[in-house]
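Coordinate analysis (summary)
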Amino acid sequence: MTRNMKTIFSLFVVFGAVLSGVSEAEITGHTLLDDVVYFADSDADNPFILRYDAANEVSLSSLSLDTPATAIASDSSGVYVALAGSLSRLVFSGDVATGTLLHHFSADVLQI
């Protein structure tokens, strides 16, 4: 199976696994960085980012958020998360995430 096909297949498997463990999932979006899939769950009572290692097919620790995410994306510099009108970059090192506020907008960020 090609790498792209494996990644797409893994996303479907991961998405199913994520939803099976979350009773009322409100997935805002997902992104893939270095074989790790990041899902933004925007449950108003308990917003968080779920992480899944697609290469090794294992769940990683999740990251709790103060505010529900409105968008998520990634590039080689990290994972970008919009929390209403704030855009932040998250860099993960193992189970530790370092967040940097990049910009605050006057309106909610709905797409990155």
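Values in this document were obtained by computation on a predicted structure and should not be read as measured data. (Residues numbered from 1 in each chain as written. Predicted model: local features only at pLDDT ≥ 70, side-chain atom pairs only at ≥ 80, totals over all residues. Heavy atoms only, no water.)

**Focus on the sheet that holds strand β5 (residues 71-75)**
The strands making up a sheet are joined through hydrogen bonds of the backbone, oriented either antiparallel or parallel. So the rule is basically this: Strands qualify as paired when DSSP identifies two bridges or more between them. Every helix listed is a DSSP run of H or I at least four residues long, and every strand listed is a run of E at least two residues long, numbered separately from the N terminus. Inter-axis angles, ranging from 0 to 180 degrees, are taken between N-to-C directions of lines fitted to C-alpha atoms, where helices are fitted over the stretch in contact.
Overall, antiparallel pairing links the four strands, which are arranged β5-β6-β7-β8 in an open sheet. Taken across any chain shown, the strands that pair with only one partner, and hence form the sheet edges, are β5 and β8 (96-104). Adjacent strand axes in the sheet meet at a mean angle of 25 degrees when their direction is disregarded.

**A few points about the pattern of salt bridges**
To be explicit about the condition: Whenever Lys or Arg places a side-chain nitrogen within 4 Å of a carboxyl oxygen from Asp or Glu, that contact is recorded as a salt bridge. Exposed residues in this analysis have more than 50% of their type's maximum accessible area, buried residues have under 20%, and partly exposed residues fall in between, with area computed by a 1.4 Å probe over protein chains only.
A complete count under the given rule lists one salt bridge for this structure. Asp95 is paired through a salt bridge with Arg51; the nearest N and O atoms lie 3.3 Å apart. Residue Asp95 is found in the loop between β7 (86-93) and β8, and its partner Arg51 is found in strand β3 (residues 48-53); the two are separated by 44 residues along the sequence. With a relative accessible area of 59%, Asp95 lands in the exposed category. Residue Arg51 is classed as buried on the basis of its relative accessible area of 6%.

**Some remarks on the confidence of the model for the chain**
The condition is simple: For every residue, the predictor reports its confidence as pLDDT, a number between 0 and 100.
Residue-level pLDDT values for the chain average 84, and 78% of them are 70 or greater. The lowest-confidence element of the chain is helix α1 (residues 3-21), averaging 53 in pLDDT; the highest-confidence one is strand β6 (residues 78-83), averaging 96.

**Structural notes on the sheet that holds strand β4 (residues 58-64)**
Read from one edge of the open sheet, four strands run β1-β2-β3-β4, paired in antiparallel fashion. Among the strands making up the open sheet, the edge pair consists of β1 (27-33) and β4. Averaged over all pairs of adjacent strands, the angle between strand axes in this sheet comes to 20 degrees, irrespective of strand direction. Here β1 pairs with strand β2 (residues 36-41) via six bridges, running antiparallel. Looking across to β2, one finds that Ile27 is bridged to Asp41.

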